[in-house]
Amino acid sequence: MVKAGSAGKYIGNSNSKKFHYPDCQWAQKISPSNRVEFNTREEAVNAGYQPCEGCR
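Rules of the game
Residues numbered from 1 in each chain as written. Predicted model: local features only at pLDDT ≥ 70, side-chain atom pairs only at ≥ 80, totals over all residues. Heavy atoms only, no water. Helix = DSSP H or I, 4+ residues; strand = E, 2+ residues; numbered from the N terminus. Buried < 20%, exposed > 50% of the residue type's maximum accessible area, 1.4 Å probe, protein only. Contact = heavy atoms within 4.5 Å. Areas by Shrake-Rupley, 256 points an atom, 1.4 Å probe, with all protein chains shown as cover. Phe/Tyr/Trp six-rings, centres within 6.5 Å; stacked < 30°, edge-to-face > 60°.

A. Region of interest: the overall build of the protein. Counting its secondary structure elements, the protein contains 1 helix and 4 strands. If you list the helices and strands of the protein from N to C, you get β-β-β-α-β. Here the protein holds 56 residues, and 36% of them are scored as buried. Sequence-distant contacts, at least 24 apart, represent 56% of the contacts inside the protein between residues at least 6 apart. Counting every atom, the protein has about 3700 Å² of accessible surface; 49% of that belongs to carbon and sulfur.

B. Molecular detail of the packing of aromatic side chains. For the coordinates displayed, the defined rule picks out 3 aromatic pairs. A centroid spacing of 5.6 Å and a plane angle of 90° characterise the contact between Tyr-10 and Phe-19, whose relative ring orientation is edge-to-face. Each member of the pair, Tyr-10 as well as Phe-19, is classed as buried. Chaining the aromatic ring pairs together yields one cluster made of Tyr-10, Phe-19 and Tyr-21.

Right under this line is the structure:
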């Protein structure tokens, strides 16, 4: 995982366990306290996250 504030390629929501592309409208709405950043799609999936409907 990438520290919050750095440029991750995927943005996860620790509440919903969904991940998004950084430019996804839903990624922009994630509270900073719930924000998790991943370098790769595989990293997000391995952490138990699923892509949002729009980012599939």
